[in-house]
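Coordinates in review
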Amino acid sequence: MHHQIWNNCLRVIKDNLKSETYKAFFEPIKPVSVKQNVLTLEVPTPFFYEYIEEHYVDLLKKIIRKELGPDAKLEYSIPVGKNTGQYRNTVIPGSNGMRNFVNPPVQVPVEPSIRNPFIVPGLKKLDIPSQLNFEYSFSNFVEGECNRLARSAGLAVSDKPGGTAFNPLFLYGESGLGKTHLAQAIGIKVKEEIPDKTVLYVNATKFTTQFTDARLKNDINNFLHFYQCIDVLIIDDVQEFISKQKTQSTFFEIFNHLHQRGKQLILTSDKPPVELQGIIDQRLLSRFKWGLSTELQIPGYQTRLSILKHRAYRDGIELSDDVLEYVAKNIVNNVRELEGVLVGLLAQATLNKKAITLELAQSTIEKLIKHTKRELSIDYILQTVADYFHIDESSVLSNTRKREIVQARQVAMYFAKQLTKTSLKSIGVQLGKKDHATVLHACRTVNDLMETDRRFKLQMGELEGKLTS
Ligand code: ADP
Ligand code: MG
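It should be emphasised that the depicted structure is a prediction, and the values quoted were computed from it without experimental measurement. (Residues numbered from 1 in each chain as written. Chains lettered and ligands numbered in written order. Predicted model: local features only at pLDDT ≥ 70, side-chain atom pairs only at ≥ 80, totals over all residues. Heavy atoms only, no water.)

**Looking at the overall build of the protein**
Regarding its fold elements, the protein presents 20 helices and 11 strands. Taking all 469 residues of the protein together, the buried fraction comes to 47%. Put simply, 69% of the contacts in the protein that link residues at least 6 apart link residues at least 24 apart. Carbon together with sulfur atoms contributes 50% to the accessible area of the protein, which is approximately 24,500 Å² in total. (Helix = DSSP H or I, 4+ residues; strand = E, 2+ residues; numbered from the N terminus. Buried < 20%, exposed > 50% of the residue type's maximum accessible area, 1.4 Å probe, protein only. Contact = heavy atoms within 4.5 Å. Areas by Shrake-Rupley, 256 points an atom, 1.4 Å probe, with all protein chains shown as cover.)

**Thoughts on helix H3 (residues 46–55)**
Of all 10 residues that make up H3, seven are buried, and the element is covered over most of its length. What H3 keeps buried is the set Pro46, Phe47, Phe48, Tyr49, Glu50, Ile52 and Glu53.

**Digging into the site of ligand 1**
For ligand 1, the set of nearby residues contains 17 residues, the closest of which are Val142, Gly176, Thr180, His181 and Glu339. With respect to ligand 1, the side chain of asparagine 147 contributes an N or O atom lying 3.4 Å from a nitrogen atom. Measuring from an oxygen atom of ligand 1, one finds a side-chain N or O atom of glutamate 339 at 2.6 Å. Calculation on ligand 1 without its partners gives an accessible area of 560 Å², and the protein chains cover 92% of this total. For the shell around ligand 1, the secondary-structure elements that each account for two or more residues are helix H6 (179–193) and helix H13 (335–351). Its residues placed into classes, the shell around ligand 1 shows six nonpolar, seven polar and four charged. Two domains each donate at least three residues to the shell around ligand 1, and these are domain 2 (138–295) and domain 3 (301–370). (Near = heavy atom within 4 Å. Polar contact = N/O pair within 3.5 Å; in protein donor to acceptor, adjacent residues only side chain to side chain. Nonpolar A, V, L, I, M, F, W, Y, C, P; charged D, E, K, R; others polar. Domains from an automatic or database assignment.)

**What to know about a negative patch on the surface**
A grouping of Asp321, Asp322, Glu325 and Glu359 is seen on the molecular surface, where their side chains present a negatively charged patch. Considering the arrangement of structural elements, one finds glutamate 325 in helix H12 (residues 321–330). For glutamate 325, a relative accessible area of 31% translates into the label partly exposed. (Patch = residues over 30% accessible without salt bridge, like charges linked within 9 Å, V, L, I, M, F, W, Y side chains within 5 Å. Salt bridge = Lys/Arg side-chain N within 4 Å of Asp/Glu carboxyl O. Lys, Arg positive; Asp, Glu negative; His and termini not counted. Charge placed at Lys NZ, Arg CZ, Asp CG, Glu CD.)

**Some remarks on the sheet that holds strand S9 (residues 232–236)**
Within a sheet, adjacent strands bond to each other through the backbone by hydrogen bonds, running parallel or antiparallel. Strand order in this open sheet of five strands is S8-S9-S10-S7-S11, and the pairing throughout is parallel. Of all strands in the sheet, those with a lone pairing partner are strand S8 (199–203) and strand S11 (292–295), marking the two edges. Taken pair by pair, the neighbouring strands of this sheet meet at an average axis angle of 15 degrees, ignoring direction. In this sheet, S11 lies alongside strand S7 (residues 169–172) in parallel orientation, the contact comprising four bridges. Residue leucine 169 lies in a different strand from S11, and its bridge partner there is leucine 292. Of the strands in this sheet, S9 and strand S10 (264–269) touch helix H9 (residues 245–260), which is tilted by about 140 degrees from S10. (Pairing = 2+ DSSP bridges. Axes fitted to C-alpha atoms, helices over the stretch in contact; angles between N-to-C directions.)

**Quick notes on the environment of valine 446**
Inspection of the secondary structure puts valine 446 in helix H19 (residues 436–452). Judged by relative accessible area, which is 2%, valine 446 ranks as buried. In this structure, the C-alpha to C-alpha distance between valine 446 and glutamine 407, residues 39 residues apart in sequence, is 8.4 Å.

**Details of the packing of aromatic side chains**
By the definition in use, this model includes 15 aromatic pairs. For the pair phenylalanine 223 and tyrosine 227, a centre-to-centre distance of 5.1 Å together with 50 degrees between the ring planes defines the contact as tilted. Residue phenylalanine 223 and its partner tyrosine 227 are both found in helix H8 (residues 220–228); the two are separated by four residues, about one turn of the helix. Each member of the pair, phenylalanine 223 as well as tyrosine 227, is classed as buried. Centre to centre, the rings of phenylalanine 251 and phenylalanine 255 are 6.2 Å apart; their planes meet at 85 degrees, and the pair counts as edge-to-face. With phenylalanine 251 and phenylalanine 255 both in helix H9 and four residues apart, this pair spans about one turn of that helix. Owing to a relative accessible area of 0%, phenylalanine 255 belongs among the buried residues under this scheme. The aromatic ring of phenylalanine 252 is capped on one face by arginine 283, whose charged end is 4.0 Å from the ring centroid. (Phe/Tyr/Trp six-rings, centres within 6.5 Å; stacked < 30°, edge-to-face > 60°. Lys NZ or Arg CZ within 6 Å of the ring centre and 35° of its normal.)

**As for the pattern of salt bridges**
Side-chain pairs of opposite charge can arise where the charged atoms are in close proximity. Inspection of the entire model under this criterion finds 11 salt bridges. Its salt-bridge partner being glutamate 135, residue arginine 314 comes within 2.4 Å of it at the nearest N-O pair. With arginine 314 in helix H11 (residues 301–315) and glutamate 135 in the loop between strand S6 (123–126) and helix H5 (148–159), this residue pair connects regions lying 179 residues apart in the sequence. Of the residues examined, arginine 314 reaches a relative accessible area of 23% and is grouped as partly exposed. Since its relative accessible area comes to 25%, glutamate 135 is described here as partly exposed. The salt bridge partner of glutamate 143 is arginine 151, with a shortest N-O separation of 3.1 Å. When salt bridges that share partners are traced, they join Glu143, Glu145, Arg148 and Arg151 into one network.

Now the structure itself:
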């Protein structure tokens, strides 16, 4: 039965993928069983599981649902320790694109689309999926000096959502340090302990898109009702609300509504509230500071080592201490990168059938460092832009208001924002001691000009080519 089902799936997969991919990733998979609506597949190594979950989960989900119905689920069985004699199979549920944590249906008032005084607005039941990724749990979040305060505030909030002084809980820090993970961990814990609570995770970009759609469809009231019935609202990356005035004022309304009713808000941002000055509406910004803002910092060596060990254990890889220590010593800035190295090592070891030795770790990291060194520096952008417009770098940095110089400066700022991870503030400082508002203005000006001036747009395309080649 499971063979039959899997063969049907394979046929569709084969039609949808390049044959190399199909051969490399799907041929080695063995169907193990079908129980009710759960299909279990045996994959050769944890790497397969990761790779499939990352790249093909949407496709698989669709296909399996077709075979097994709308509630179909996927599980992976992974042989662990085959070579060490301690053979066992770990079974990992597939994420199936956020399978877990169903919220109870909530009652939402329906506004009749044509206002008719004889129709009393009714109530509609809404199922709101929580959009949480079960991997981002507290048990997968390694504690360290760098996240102690944020983590314990998160734990407190998840015990008593809306009932602590940490409302909103504002988590900030550079990219890759665990903001999304921790914010979701709170949501997951709430769902585990108080399943009746309606939890919703959404990033600011998605919120903005939903809002824009609702406006186009004249559906703002439903949008508001939807958000106003959430008990724990997690908005990720609020810095993305930058220069979206209407979205911000709607979010302001939702924020007030929820906060007044003792609902919990959790926000994350890559900048602390002070640096959102000028990016986020003043009224909204002052609300952000009502609760607790706390930073996720760069993990120290010991924490990096613990994170690596935890991750390797989860993936079922055995790594020697010298490999782990080498990676922890050399990848210092960012947890995402740390995990990236581990996956890279695993991939190479699996594909080339090599053991993960210290040498392999060294060469992987060397490549990675070379690769990241290529990240553009502001200096390089300045130099390239100045060259392109035949202007001295020093004049670009000066206070001149000559039109072509101002424009070159704006273009440099624009590319610095687009192509590096530098903050607006720091771009301003590096490009002529300007403040972040000037940089923001420059980015908008360049955007506007690209829309209206074809020649300028072509020049920008050319410049981008030079900068990124
Ligand atoms: P951010 O949202 O700050 O950019 P993420 O939350 O996406 O960062 O974290 C990047 C990766 O690092 C994720 O895979 C996450 O699970 C992992 N990670 C971050 N911090 C920790 C931690 N303390 N323990 C375990 N994994 C972590
Ligand atoms: Mg994030």
